[in-house]
Amino acid sequence: KIDPEPHFIFLLTPPNSGSTAIARVFNTSQKVGLLKENGEGQWLIRGLYENRWNGKKVINKDSIKSVWEDKYYKLKKYNPKIEFIFEKSPPNIIRIRELCNLFPNNTLLANNRDPYANISSIFFGYQSKKQISNLKVHEREKKIHEITLEWIYRSEIIKDEVIKNNIPLITYEQFCNNPTILNTLLSNIPATSSIALNYDGKIKVKKYGFKMITNFNEQQISNLDKSDISIISNTLEENHDILSFFGYKPFNQ
């Protein structure tokens, strides 16, 4: 008897957009496994996580298929009920077509987060307070501008995939407001309709410890100063179509 291949649920998401919380909720189902605790299989393969945002990088498809499937079968030994793997490594968005060809048994979902909260989360999340305080004004401005451009770039890719392939989209804000939106979504997709998710328990996300699902946007945005917000707004100015597609608006200056 040949073991069935896993059904991959790929979440197309930028980093710092609530995807770890979504992964934790998916993992409440006995039918769903995660390749890594945070739902990011990229960390199992050096060739995937090194220089991971380089879209021109040639990836070893055989390595990805063998490593990810091997991990799935190991999970299945402990829990024979597992049929699905929820996979949300953010750089997957630039090579999702290759991954879909590798794992044709798949379902695609998409996610995004308010740009101001996302940019703040990245800016303050990957450097210490001391590093930030040591930045010169022009260095901080440059950094904020670069992270904003990254949000636009990644959002453009996700938007195109959603439109071209009719992919269901759930924003961070919608998910926090009503986590059961995931159950509704899965029940409307024939391949995933048997998955039932549980929202009763607290989930652990990054440094925040165990909490109920919480929208941290307001807290994140409060970390930005007026100059940060102005730079973000000016950079987003020419991308109203992307903002409105995801239901976001630039701050009034």
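Residues numbered from 1 in each chain as written. Predicted model: local features only at pLDDT ≥ 70, side-chain atom pairs only at ≥ 80, totals over all residues. Heavy atoms only, no water.

Visitor: Tell me about helix H7 (residues 137-165), and name the residues and values.
Guide: The end-to-end C-alpha separation of H7 is 42 Å, in line with the 42 Å expected for 29 residues at 1.5 Å each. Positive backbone phi, at 50 degrees, marks asparagine 166, one or two positions downstream of H7. (Helix = DSSP H or I, 4+ residues; strand = E, 2+ residues; numbered from the N terminus. Expected span 1.5 Å × (residues − 1).)

Visitor: I'd love a proper account of unusual backbone geometry, names of residues and values included.
Guide: The backbone of asparagine 16 sits at a positive phi, close to 60 degrees, despite the residue not being glycine. Inspection of the secondary structure assignment puts asparagine 16 in the loop between strand S1 (7-12) and helix H1 (19-26). By relative accessible area, which is 7% here, asparagine 16 ends up buried. With phi around 50 degrees, asparagine 51 is a residue other than glycine that occupies positive phi space. Mapping asparagine 51 onto the fold places it in the loop between helix H2 (46-49) and helix H3 (61-78). Taking the relative accessible area as the measure of exposure, asparagine 51 reaches 53% and is therefore exposed. (Buried < 20%, exposed > 50% of the residue type's maximum accessible area, 1.4 Å probe, protein only.)

Visitor: Outline the sheet that holds S1, listing residues and values.
Guide: Spatial strand order, S2-S3-S1-S4-S5: five strands in an open sheet with parallel pairing. Looking at strand neighbours, the two that pair on one side only are strand S2 (32-33) and strand S5 (169-171), the edges of this open sheet. Bridging between S1 and strand S4 (residues 106-112) involves five bridges; their strand directions are parallel. When the sheet's bridge partners are listed, phenylalanine 8 is paired in S4 with asparagine 106. Where H3 meets the sheet, its contacts fall on S1, S2 and strand S3 (84-87), and the angle it forms with S3 comes to roughly 125 degrees. (Pairing = 2+ DSSP bridges. Contact = heavy atoms within 4.5 Å. Axes fitted to C-alpha atoms, helices over the stretch in contact; angles between N-to-C directions.)

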